Amino acid sequence: MKEMKLFLGPQHPGMHGNASVHLFVDGDIIKRSYLLPGMLHRGFEKQMERKLWVNNIALIPRVCVPEPDINEMAFALATEKLLKLDVPERAHWIRMIMLEFARISAHLMAYGGLGGPTGNYTLMYHAHIDRNLILDIFEKISGARIYHQYIVIGGVRKDLPEGIDEEINAYLNDLESRLNEYRDLGIDNPSVVKRIKDTIMLPEAVVWELGVTGIGMRSATNKPYDIRKVMPYARYNQVEFEVPISDYSDARSRLDIKIKEVQQSINIIRQCLDKMPEGEVRVKPSRGQSMRWTVPKGYVYAPVESSRGEFGYYMVSNGGTTPWRVGVRGASYPQGLLGIEKYLPGTRIDDAALWVDTMGICSPEIDR
Amino acid sequence: MILSIFIGISIALFGFVLQTSIGGINRKIIGRLQKRHGPRWYQEFIDIFKLLSKRSVSHGWIFDFGVIMALGGIIATAMFMPLTSTFLAFENYDNFFIFVYLLAVGMLGMAMSASGSGNPWASIGVMRALTTMLAYEVPFLIVVLTIVNLSGNSSLTEIMLYQQAAGNNIFLIALPLGGIVGFIALMGMLGKKPFETYIAPAEIASGPMVEYGGKQLGMLFILHEITIFIEVSLFVHLFLGGATNIFEFLFKYFIVYTVANLISNVNGRFKIDQVVKFFYKWPLLMAVTQAIIAIYFGWVI
Amino acid sequence: MISTKYTEKKKFNKQEIDRKWWEVGDYFRRNSLWLLMYCTGCCAIELPPSMTSAYDMERLGMGPMATPRQADILLVSGYLSLKTLRRLIYTYEQMSEPRYVVALGSCPINGGIYHDSHPVINQLDQYIPVDTYVAGCMPNPESVLNGFVDLMEGIKNKTANGWKKYHKNYDWYKKNQFDVLGEVVIDDEFHQ
Amino acid sequence: MNSISNLEAVDNIINSTGKVIKKEPISDFQVAYEVNKSDVHQILTSLKLEGWKQLSYLSAVDWPEENKFELVYILLNWDKPVYIQIRAKIDRENPSMNSIIPIFPGAKYYEREAHEFFGIAFPGNPDYKKQLIMEQWDDIPPLRKDFDPRAYSDRKYPSREYPDNFSKKDKENESLEKQAKRRKRARKLRTGGEE
Amino acid sequence: MASIEFLILFLVGAGIIAYLLTKLNTIVGSIFTIFTVMFVFVSLAQYGFGMDIITTVKILPGISFSQSYLGFYFAILIVFIYLMVSFFHPYFIDKYKYKDSYNLLFLLSLAGILGAFYTNNFLNLFFFFEIIIWTTMFLIPQGKSKEAAVSYFGFSLAGSVSLLLGVFVIFNSTGTFNINDSLALLSGNSAVLVFALFLIAAFAKLGAFPLHIWLPITHGNAPDPFSPVLSGALVKLGGFIAVLALIKITPATVMFRAMDIPIGHYLVAILGGLTIVFGTLMAIKEDDAKKLLAYSSMSHGGYILVAFSILNSMAFAGGFYHILAHALASAGAFMAIAAVSRVTGTTKIKELGGMIHKMPITYLAYLIAIISMAGIPPMGGFISKWLIFQAVIDKGMVFVGVAVFFGSVGSFLYVFRPLAALFLGQEFTEYKHVKEAPILMLIPTFVLMGLNIYTGVFPAAFLKVINNIIVELGYTGITYTTYVISGNNGVLNPALISLVFVVGILIAFIIFILLKKSRKVELMDTYTAGNFIHDEHLFHYSTDFYAPLERLYEKQSHWMTTFYRALAEKVKELGKLGKYLFMSKSLSVTLLWIISIIIFLLWGEVL
């Protein structure tokens, strides 16, 4: 059998981010496929060992570019666990707002990314302009569009600005009213459905074999496996939300879950705004101490539910001014590397981009 | 004869300018659909002239020759195209089959050149383009068979005159099923979504165009514009009764192209075998039904 | 008023004509800049907003393109690891001329936040000529678009001639590339 | 979902299959065990059977003072939500650890990465020796503590040199410049003249 | 004045001389063959157009000749293909097992063909057909496989038997073996019977739908230079019989009112349509270039059937023109493949790539041939397809129309495959040493290229001959002038199309040449999404080219193959039985034979 080799990425329109999928193809069926990561490698784990605990706050958002806040959260959670630090109540709620907005923004980007493989660019344009409005809100809250460096050790960097509540509420109402439009353009659009239904399947057994988490897992296992529910951090145990699930994991049902999660995130943010307590937002180290801040010895793993699944920091401290070892568990690591190697073969080259898109493969967090 | 050829060349040139402008305007319309401002209406001209001014790469003589052959074939096709029922370069010789087969020259030239680049993406794109052609052409030709059989002439101007004559309605209404098939096939011909499988940037990196840059790509853009001009004009002449004056033609042309474009932009694209299946299911059935009831039973609205 | 003074008839030589044509070409080139969709680094995350409805790059006649052959601009969006640099140079050499390089973010300028990181290079213009830098980490869409406008100005004023520089100093660039990348060993990771 | 009883259940499983050197409860949902290298596979197998089906993370920590590498396996059971860290120390010279691919196939790429960054061998993993992230790497594995990325970067990549008058002097910013000078002097004093 | 008898005898004699010469030196023998065929062709061309050939018989016993435009048209075409092919012999003959007899058989089969088209007696026709079959049957196994010859012989035999049966039926009801007289006298049920029997013969020879199985096997495995003869010439024998059956016999059957066609003819047209569709689909699937072209011959045979079953002069003109155009095109394509096969030793598409860089002229020959095959102007195939379309549309034959259009578009698909994967694409290292075909092989290549274009640009000269045939068959000829062909619903000016096409190419060329010169790059320097490649085999798309399309009819084509495989098994078993009965050395079987012969003889006595 003669094979042909095709490359999906790094500079291929079907590939988001700088990674390369090597496809060995017969006709149009993929026979073997591998992900070639590493194009975005920056030696993060080494860099973080060489920077102070506080300095690291500026570095970590860059681990996962589409959704940087989860990095800040995981880092803050891990460090606070090592420090045994209690965060002010208000900070928890603000953090949740940021995280949920980040989730919406990542989902909108991924959902708009459906425009690439299926060719429905109108969907992409619509999704991106809504995402851009979220970035504007981020800018108002934290001062930056992408890398906020807002969730810091001991709380959040500063309080919410005046009048942001109304703005957030207005935006949420606007987005909520348009969710049906997104469904009509995307996953309920007959021509798109014809293409994405029953493609890029993820059977339940595979989930455990790969260690896939997040939407992939929830859509295949039909169980609400979400860290926010199972092991709540921040104040997720005090808000009401559902974890959308499904018993059939094809490209369409995963996208369906994404849209449903956007709805849930909207609900969470509304509850946060309602229940927001007053008070301090940050435990500040005493003046002049931040550079000499030491953290007690210990090992800790801090998971956060990202838009793609379980995202965690494994941190080891030996009591010094810098972390001794930081390991980053990228949420898309299993489906990106082993998933592409084992479960892409047998599908068609048309669908390869859909796997990258709907499983949420984020190359910077694989490479780090 | 010389005069006719010059008229033909000017028709081809007119078609290029027309389609490029309308394409630009359409980009603006689509921009509005996508909540943005859209480019300048003459952006397509700038793009083409920019490409022509660049220094490209070449993969050997067949890479260049294919492009020349494709563009030449398409220009030749456009030279036969009547604009109105009286304005055409070669009277009586605007036979429908000339368009179908000379268009194929363009397709073949482009396919040859793309394969000559030695890039598998290009070959896949060519494969998809040819397969799509197999899909839309048969239903379309059956509808045209009906039209030619009814009007008794395969010359485009004669078909136009037949539709314009008193008592005969335009074929889009007279043959409702056939009209629908014709429009769907037009979408396929124009490479609009959901039948845009052979460009598909996210799957096969723009398919046949993958290796082109500079003047070859510029020539292919010209080719593309003239091809669209031919295909849309064919639809206007065959199904919309052609035009008696140039403004009517422009109006119908604009409407047809814009509607196709708008439909295209809220759809995703099919996979290639879905395209084939789609065309051989409903459109072919409708075309055959239409042909039988129109030819054997004589039921024409 | 028509001058009655005798003026010598201007004679155009070939170079003059070429120059004129080139200027005409420059008008088209600067109004239709196509980007290569190659997201080399994290600054690429601000490209979708600037490409899509919010900032709509297409107003300037710019748009993303699939392959290097068609593209005019090689957009280096952010830091470059060695692995990317090797592919970036390969891509750059595949592009049709004239080609321009726009570097986003502070990393291509001097290494930025990764200045001491082992896989990330520090200075891009050692390896390929850069026409426009857009500083910032990361630059806003406004500044990205501003960078492109700068590039257009550069094309107009004939200062954006990195591709000519590359031809002129080819050996120097090649030497730098070789120093950092070593021989390009084409070994296929997955094909035995 | 009673996390305390879950933690006890973990204790029972691990104590019944291997010797625990050190146990560290971290939070309600997390517990760490340090075990012997030889017990790791057995413990992982029994944990998997008990429902800890997901391998969340696998990596290593470098302890140059002890001359050891410490391997970390983090498992998660979604139904009884407890993260378990299993840690085992191995020698720093010729480090080697049998692969856990038979137990957790998902470990394949984690192990490849650990080999690339630390130089740990994983017999049993078919292609752990292949480079995954880096390409044509020409130094010691980069995540070892004795690797200095700064020195590597300075050696390998030329960096931009700024002339002294690079930044323009501005009357309004004079105080800021003075501050910067003062800060520079302070740093010099603190680090002993090293720049 | 050439006598047809003399030509036949000359060919037989020359065949023997060629045999002896080839035994001495293969090259000399082959060149002698070329000159022999050339002589025959020249004398035919000199006298045949004016019906000036002497047909009286002096030496050969029991054989009578007459001349007709119909026979001449086929004869000159086939002799021409033979002539073209004979140029290939010097380069190929060394590859054969029995080289000495190759030229002899080649010339003998040509003699058979001359006889078959010039005879006016059904028995003679059968006799000459048998000569053709037997001679070619020994030519075919010199190629790749002996089974090919078996399957060829089997199907040809079936055709011959049904032809013979038909002849007997004719004799029974009319009392004469004379072709024209007897066919005119036929009527009633016997006409229907003869119609059916002759069509079976025609289908078998033409490789039309139910009897097509031998075509790819034989064409694919025949010696490389003999495949053009098979496809371009010998298959046309079926066309000849089809003409006899469809046009000369008009069995009184029910007419389709809407289409004005007898029902028998309509059925043939439907079968022709099925042939087109089936041939197209199989050709799209095929991986061997020669088999692919064989299936394309099958599909074109379908066009010929469709054309002859639509009873009007426009369709006849289309059919006859298609015979010409396809003969030239398929000969050109097969000869290009043969030239490639000579240097590479394979015709499998997936093993080849980038031959254009070494064999540009062969590539051009193939390109022009396939353009004609696909029916694209300005090549001959366009004229014939246009004529056939005119007839189909005029009659309003919708279902046949679907098939005809499908085949016409489908032909782009399959002819493009060898073009893309075999000639274009990445250049393989193992074929870097390959050189262009030698000059003697290029002569026929150029001639065919020229003729393919000429038939498409100035069809008038050929239409004149065809009109003669149509008039001879009793229909009014089609109207045409030097440049313009008028159809039922439109006029066609091929010369104008070509002129405009040239103008278009010229404009495109001027645009191209005025612009900046492009930079030449290697084939491997190609868009790989930024990755590096080193193995050109991995970067050449050739296997399963139309995989998505093939998948749609995978199951259906599978049924067909299983059916035929089962049939082949049955035939094989029958053959085993025959072998057992006739060839066995066992005593009991011999006894059985002796006894049965005795019984048979006694039975005769008793009666």
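Anything mentioned here points back to the structure above.
Residues numbered from 1 in each chain as written. Chains lettered and ligands numbered in written order. Predicted model: local features only at pLDDT ≥ 70, side-chain atom pairs only at ≥ 80, totals over all residues. Heavy atoms only, no water.

S.K.: Quick rundown of the nonpolar core? Include the residues and the values.
M.R.: By size, the foremost hydrophobic cluster in this structure holds 573 residues, and its most contacted members are A:F101, A:Y313 and E:F320. Sort the elements by how many residues they give to this core and helix α15 (residues 313–344) of chain E lands first, with 20 residues. Looking at which domains feed residues into this core, each of domain 1 (1–143) and domain 2 (154–554) of chain E supplies at least three. With sequence-adjacent residues up to four places away left out, A:Y313 is seen in contact with A:M48, A:I60, A:V63, A:N71, A:A74, A:F75, A:V300, A:Y301, A:A302, A:V326, A:G327 and A:V328. (Core = buried A, V, L, I, M, F, W, Y, C linked by side-chain atoms within 4.5 Å. Buried < 20%, exposed > 50% of the residue type's maximum accessible area, 1.4 Å probe, protein only. Helix = DSSP H or I, 4+ residues; strand = E, 2+ residues; numbered from the N terminus. Domains from an automatic or database assignment. Contact = heavy atoms within 4.5 Å.)

S.K.: A description of the packing of aromatic side chains should follow, citing residues and the corresponding values.
M.R.: Summed over all chains, the structure comprises 81 aromatic pairs over all chains. Measuring from ring centre to ring centre gives 6.3 Å for E:F458 and E:Y483, while their planes differ by 55 degrees; the resulting arrangement is tilted. Taken together, the residues span a long stretch of sequence, with E:F458 in the loop between α19 (439–457) and α20 (460–472) and E:Y483 in the loop between α20 and β3 (485–487) at a distance of 25 residues. An aromatic cluster of at least three residues, connected via ring pairs, comprises B:F96, B:F97, B:Y101, B:F140, B:F183, B:F235, B:F239, E:F382, E:F389, E:F405 and E:F412. Sitting above the plane of the A:F24 ring, A:R32 keeps its charged end 4.1 Å from the centroid. A cation over a ring is seen here: B:R36 above A:Y125, with NZ or CZ 4.4 Å from the ring centre. (Phe/Tyr/Trp six-rings, centres within 6.5 Å; stacked < 30°, edge-to-face > 60°. Lys NZ or Arg CZ within 6 Å of the ring centre and 35° of its normal.)

S.K.: Quick rundown of the pattern of salt bridges? Include the residues and the values.
M.R.: Using the criterion set out here, one finds 65 salt bridges over all chains in the structure. A:E45 is the partner of A:R325 in a salt bridge, and the nearest nitrogen-oxygen pair spans 3.2 Å. Here A:E45 lies in helix α1 (residues 44–49) and A:R325 lies in strand β8 (residues 325–329), a separation of 280 residues in the sequence. For the residue pair A:R325 and A:E45, the accessibility class agrees, reading buried in each case. Of the charged contacts, one joins B:D273 and E:R551 as a salt bridge, the two residues approaching to 3.8 Å between their closest N and O atoms. (Salt bridge = Lys/Arg side-chain N within 4 Å of Asp/Glu carboxyl O.)

S.K.: Describe the pairing of strand β4 (residues 68–77) of chain D, with residues and values.
M.R.: Residue and element names in this part refer to chain D. Of all 10 residues in β4, 9 are buried; the element is thus mostly enclosed. The sheet contact formed by strand β3 (residues 54–63) and β4 spans 9 bridges and is antiparallel. Each residue of the ladder has a partner; that of V61, found in β4, is E70. Joining the antiparallel neighbours β3 and β4 is a turn of 4 residues, in which N67 adopts a positive phi near 60 degrees. Inspection of the sheet shows β4 paired to strand β5 (residues 82–91) by 10 bridges, in the antiparallel sense. Bridge pairing links L76 to Y83 in β5. In textbook terms, the turn of a hairpin is the stretch between consecutive antiparallel strands, and for β4 and β5 this stretch comprises 4 residues. (Pairing = 2+ DSSP bridges.)

S.K.: How would you explain the sheet that holds strand β3 (residues 29–36) of chain A if you had to name every residue and give the values?
M.R.: Residue and element names in this part refer to chain A. Read from one edge of the open sheet, 3 strands run β1-β2-β3, paired in antiparallel fashion. Strands with a single pairing partner mark the edges of an open sheet, and in this sheet they are β1 (4–8) and β3. Strand-to-strand twist in this sheet, taken as the mean axis angle between neighbours without regard to direction, amounts to 25 degrees. When strand β2 (residues 20–26) meets β3, the two strands line up antiparallel, connected through 7 bridges. Bridged to S20 within β3 is L36. (Axes fitted to C-alpha atoms, helices over the stretch in contact; angles between N-to-C directions.)

S.K.: How would you explain the interface of chain E and chain B if you had to name every residue and give the values?
M.R.: The partner chain B presents 80 residues to the 80 residues of chain E that form the contact. Summed over both partners, the interface of chain E with chain B comes to about 6900 Å²; 78% of that surface belongs to carbon and sulfur atoms. Our count for the chain E to chain B interface comes out at 14 residue pairs in polar contact (both at pLDDT 80 or more). If you list the elements that add at least two residues to the side of chain E that touches chain B, you get α16 (360–373), α17 (380–395), α18 (398–423), β4 (490–492), α21 (494–514), β5 (519–520) and α22 (547–583) of chain E. In terms of residues, the side of chain E that touches chain B owes the most to one element, α18(E), which gives 14 residues. Of the residues that constitute the side of chain E that touches chain B, the class distribution is 54 nonpolar, 16 polar and 10 charged. Relative to β5(E), strand β1 (residues 57–58) of chain B runs parallel, the two being bridged by 2 bridges. Bridge pairing links B:V57 to E:R519 in β5(E). (Buried area = accessible area lost by both parts, 1.4 Å probe. Polar contact = N/O pair within 3.5 Å; in protein donor to acceptor, adjacent residues only side chain to side chain. Nonpolar A, V, L, I, M, F, W, Y, C, P; charged D, E, K, R; others polar.)

S.K.: Which residues make up the pairing of β2(A), and what values go with them?
M.R.: All names here are of chain A. For β2, a buried count of 7 out of 7 residues is recorded, marking the element as mostly surrounded by other parts of the structure. By the alternation rule, side chains of β2 split into S20, H22, F24 and D26 and V21, L23 and V25, which are all buried. As paired strands, β1 and β2 are joined by 5 bridges and run antiparallel to one another. Each residue of the ladder has a partner; that of L6, found in β2, is L23. Connecting β2 to the antiparallel partner β3 that follows it, the hairpin turn spans 2 residues, and G27 within it adopts a positive phi of roughly 65 degrees.

S.K.: If you had to explain the interface of chain A and chain B to someone new, which residues and values would you point to?
M.R.: On the chain B side, the residues contacting the 31 residues of chain A number 26 residues. With both chains or domains summed, chain A and chain B bury close to 2500 Å², and 54% of this area falls on carbon and sulfur atoms. Scanning the region where chain A abuts chain B turns up 3 salt bridges. Two residues, B:D273 and A:R348, come together in a salt bridge whose shortest N-O distance is 3.0 Å. Where chain A meets chain B, there are 14 residue pairs in polar contact (both at pLDDT 80 or more). For the side of chain A that touches chain B, the elements supplying multiple residues, two or more each, are β1, α5 (115–118), α6 (121–142), α7 (164–185), α8 (190–196) and α14 (349–358) of chain A. The class makeup of the residues in the side of chain A that touches chain B is 13 nonpolar, 11 polar and 7 charged.

S.K.: Account for unusual backbone geometry, naming residues and giving values.
M.R.: Of note, the bond from B:K193 into B:P194 is cis; its omega dihedral lies within 30 degrees of zero at 5 degrees. Positionally, B:P194 belongs in the loop between α8 (176–190) and α9 (201–204). With a phi angle near 55 degrees, A:K84 is a residue other than glycine that sits in the positive phi range. With respect to the helices, strands and loops of the structure, A:K84 is situated in the loop between α3 (69–83) and α4 (89–113). Phi at C:D56 takes a positive value of approximately 50 degrees, unusual for a residue other than glycine.

Keep in mind these values describe shape, not function.
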